[in-house]
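A closer look at the structure
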2 protein chains.
Amino acid sequence: MQEFADAGSDTPLRIGVAGLGNVGATLVRILQKDGVELTRKLGRQIVVTAVAARSRSRDRGVDISGLEWFDDPVALAKSDRIDLFVELIGGEDGPAYAAVKAALEIGRPVVTANKALLAKHGVALAKVAEEAGTQLGFEAAVAGGIPVIKTLREGLGSASIERVYGIMNGTCNYILTRMGEEGISFAECLKDAQELGYAEADPTFDVEGFDTAHKLAILATLCFGYEIAPDRIHVEGITRISQADIKVAADLGYKIKLLGIAQRSDGGIEQRVHPTLVPKGSAIAGVDGVMNAVALETDHVHELLLAGPGAGGPPTASSVLSDILDIARGTKVPPLGVSSAELLPYKQAPMRAHEGGYYIRLNAKDVPGALAAIATRMAERSISIESVIQRPDLHVTDPAGEGMRTRTVVLLTQDTLEADVRESLALIADDGFIVGEPQLIRIETL
Amino acid sequence: MQEFADAGSDTPLRIGVAGLGNVGATLVRILQKDGVELTRKLGRQIVVTAVAARSRSRDRGVDISGLEWFDDPVALAKSDRIDLFVELIGGEDGPAYAAVKAALEIGRPVVTANKALLAKHGVALAKVAEEAGTQLGFEAAVAGGIPVIKTLREGLGSASIERVYGIMNGTCNYILTRMGEEGISFAECLKDAQELGYAEADPTFDVEGFDTAHKLAILATLCFGYEIAPDRIHVEGITRISQADIKVAADLGYKIKLLGIAQRSDGGIEQRVHPTLVPKGSAIAGVDGVMNAVALETDHVHELLLAGPGAGGPPTASSVLSDILDIARGTKVPPLGVSSAELLPYKQAPMRAHEGGYYIRLNAKDVPGALAAIATRMAERSISIESVIQRPDLHVTDPAGEGMRTRTVVLLTQDTLEADVRESLALIADDGFIVGEPQLIRIETL
């Protein structure tokens, strides 16, 4: 790979791009448009010479007539007529995985925006890259246009990270922002998001928090040096967030955001994705709409917040390009920050051991003693109540469809062990003073 | 410099540190503490072998007994017993400049946290570094612990920056935050900041905006490729911000922040430092206390916000270390993003040509027709008024000490040319309906 180190080289860096969706087409367009400027900045020419995609004829608003065409991305990845392979096909297995692996195995640098691939095969692919002495860039795989991977790999010196958290899914943040600003329901916001192209026809992966979990798992590995474990994260989505939750949170000085959070704890690494009450004044609370943000808490730098667009063609293509430029400059860093051989086996801290404040919304039966019974159960687990809100306007008509009159009660606890909160809620349910599932939202001190 | 490119080298990278103040001592401590961990991450040992400072005996809470001592930083910079020179002396000229220049001239990489030096000699020093084929790192010179220089040099692909703005002075942000939260005066907050060590005994450089201007000038060069021009920036400090301004701004949904802003305009580059009304909900409005933040607006990535600690030993030392690690890895980038030979001569856009919304606070004489006369003058310059506030609680008693009864009037304009605003205010003053200097604060749409 020595020739890559020579940024002043006269030979152009030949790029092969597999996958010509929004990001791929944008990348080709940028390189065609800014080629001269980049050559000036880099002292070396960067040209897309070959592409692979499903349909050759489809109009993508970019001229690919001059480029060599491959039907098979693996053949492109292996072609000796490219110097760097860009994977923008997507999917955790199949052609994306085969092509990336094939390129790395012959020592060819790879840049990908594929978070699912990284979450599932990241450690194995990093190992292949290290053994072949080549580079694997994936800045675009987490938080689209935000250079968080570069910051984690190169920007923090020897600072040790205590906690990483962020808004990493634009669909959820858009929905929660609309719900807060316009007082409309989750369902309505989701419908709008789908019409605007911010949400998939099947939104499950986004709104249930799995997309955020994938990204969090990749970040956590870069932060803490543990193996990637996307399937061992406590995940809750935003589908149960109601207008009542948004309203009460606002009155109490909070916004509700879907956060992915990973932090060191005695039990190992605490990785969780769930709706979170964040203080209105905080910087992350100001990150609205489709914007993403990642916050890093380190021993040296205290807190660092990076906010920007989490998706979209141009931002994502821009991150792909920054990886390409780093490789062209000869930058050499282990893909996962440390050598894959040194990654520690993932140790998940039990969620029951999580300690923090809780927002609890209950439909209490409209009978004497209900509130007293609830408060007593909390007291038994020595849970301190920060505030109690019971307002007529939050009243939900017959939540369980049993013709039962109820009152909505919201409790905010002080720092409490999750196990205690869950147990007391179970007992409260057994007592028969509440109707339906209690709403439990964690409060994060930022 | 080839040996630097070899991150796997067995020979340790020998660091010489000139200046053992807070940052310098912290850097030495970090390298002594985390040396092993860094060697593991980097595959190469990094050791501080020599230091230079004023007093050899002073207790800095770090053991320098094993290190070679230099009384003369220039001698240290040139010593063949170090491989990399770190300048933490400070000052735009004198020993700092001499030592950095001396090291670069013999092809020795330099890392500095010295913004004044960069603002004044940055272009010349970058030229020396380029000619000698070595590196000049200054991540810590702008916004302490925030990796904004790396992001600008390496993180944005070919994205073209349209506007950069930020909170780059912790002293001012601390004072404005306290004024907003506690309703106390500028003078009181400044006194507290001085007692807490957040402000110098002579705070002029900070509170008058000059420190922000230095940092903005460096950022603007990296953003737009013009020569650094710290002395050709429109600069206004925060000393004239009153509680009335903070209160009215809050009621209208704004916070007041001291921003440094640079943007492309027809006239060239618009560089300005001034108190600014920013929307309460915006991410930058959530950046409070001594925190700093830099926002980059690009064509590809839209907006990117980086927020974190702007000063302090550990964050600043951490940024210095990240530069050292980049050099140890062999990362090669022109210090100013592009070769110094390609920098364009700075062309300042006239402030009169600035267009935006304005907050205007006037002490109108308590006589019939005053408001009418003011409104008429505005109308003559076809300035559209967004809102008018006149409240008894804002009333200032005898502002000019002439026993004159006045009423405080606040006007918010829609987007207007600065020249028109200034001319209409001059005419309003001539009409004799106001007392004292009008307060003019620009509104930034973020």
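Residues numbered from 1 in each chain as written. Chains lettered and ligands numbered in written order. Predicted model: local features only at pLDDT ≥ 70, side-chain atom pairs only at ≥ 80, totals over all residues. Heavy atoms only, no water.

1. A closer look at the overall build of chain A
The secondary structure content of chain A amounts to 14 helices and 17 strands. By the compact-globule yardstick of 22 Å for 446 residues, chain A fits well, its C-alpha radius of gyration being 25 Å. Across its three principal axes, chain A shows a C-alpha extent of roughly 85 × 45 × 35 Å. Here chain A holds 446 residues, and the buried ones make up 59% of them. Counting only contacts in chain A whose residues sit at least 6 apart along the sequence, the fraction spanning at least 24 positions is 77%. In the structure as shown, chain A presents an accessible area of about 16,400 Å², 52% of it carried by carbon and sulfur atoms. (Helix = DSSP H or I, 4+ residues; strand = E, 2+ residues; numbered from the N terminus. Rg over C-alpha atoms; globule rule 2.2 N^0.38 Å. Buried < 20%, exposed > 50% of the residue type's maximum accessible area, 1.4 Å probe, protein only. Contact = heavy atoms within 4.5 Å. Areas by Shrake-Rupley, 256 points an atom, 1.4 Å probe, with all protein chains shown as cover.)

2. Points about the pairing of strand β12 (residues 302–309) of chain B
Across the eight residues of β12 of chain B, six count as buried, placing the element largely inside the fold. Inspection of the sheet shows strand β12 (residues 302–309) of chain A paired to β12 of chain B by three bridges, in the antiparallel sense. If you follow Leu 305 of chain A over to β12 of chain B, its bridge partner there is Ala 307 of chain B. (Pairing = 2+ DSSP bridges.)

3. Quick look at the packing of helix α5 (residues 115–131) of chain B against helix α10 (residues 210–224) of chain B
Residues and elements named next belong to chain B. At a minimum axis distance of 9 Å, the contact between α5 and α10 shows a crossing angle of 55 degrees. On the basis of their axis angle, the class for α5 and α10 is oblique. Where α5 crosses over α10, the handedness of that crossing is left-handed. In this structure, α5 contributes Lys 115, Ala 116, Leu 118 and Ala 119 to the contact, and α10 contributes Asp 211, His 214, Lys 215 and Ile 218. (Axes fitted to C-alpha atoms, helices over the stretch in contact; angles between N-to-C directions. Parallel < 35°, antiparallel > 145°, perpendicular 65-115°, else oblique. Left-handed = near helix turned anticlockwise from the far one by under 90°.)

4. What to know about the relation of the copies chain B and chain A
Overlaying chain B with chain A gives an RMSD of 0.1 Å, the required rotation being 180 degrees about an axis along which the chain moves by 0.0 Å. What the rotation and shift describe, once combined, is the action of a two-fold rotation axis. Interface residue correspondence from chain B to chain A reaches 100%, placing this contact among same-surface, isologous pairings. (Least-squares fit on C-alpha atoms with pLDDT ≥ 70 in both.)

5. A look at the nonpolar core
Formed by 176 residues in total, the largest nonpolar core has its most connected members in Phe 85 and Ile 175 of chain A together with Phe 85, Val 148 and Ile 175 of chain B. Each residue touching Phe 85 of chain B, except ones within four places of it in the same chain, is listed here: Gly 16, Ala 18, Pro 73, Leu 76, Ala 77, Ala 99, Val 100, Ala 103, Arg 108, Pro 109, Val 110 and Val 111 of chain B. (Core = buried A, V, L, I, M, F, W, Y, C linked by side-chain atoms within 4.5 Å.)

6. Section: a nonpolar patch on the surface
A cluster of nonpolar residues, Leu 196, Tyr 198 and Val 290 of chain A, forms a patch on the protein surface that exposes about 260 Å² of accessible area. Tracing the sequence through the fold places Tyr 198 of chain A in the loop between α8 (186–195) and α9 (204–207). (Patch = residues over 30% accessible without salt bridge, like charges linked within 9 Å, V, L, I, M, F, W, Y side chains within 5 Å. Salt bridge = Lys/Arg side-chain N within 4 Å of Asp/Glu carboxyl O.)

7. Thoughts on the domain arrangement of chain A
Residue and element names in this part refer to chain A. Each domain of chain A was delimited in the assignment, giving domain 1 (4–145 + 332–340), domain 2 (154–309) and domain 3 (352–443). The C-alpha centroid of domain 2 is placed 28 Å from the C-alpha centroid of domain 1. Contacts between the two partners involve 16 residues from domain 1 and, on the opposite side, 15 residues from domain 2. Summed over both sides, the interface between domain 1 and domain 2 buries roughly 1,200 Å², with carbon and sulfur atoms accounting for 79% of that surface. By the criterion of area lost to domain 2, the three top residues of domain 1 are Lys 115, Ala 119 and Val 142, representing 40% of everything that side buries. Where domain 1 touches domain 2, the interface holds one salt bridge. (Domains from an automatic or database assignment. Buried area = accessible area lost by both parts, 1.4 Å probe.)

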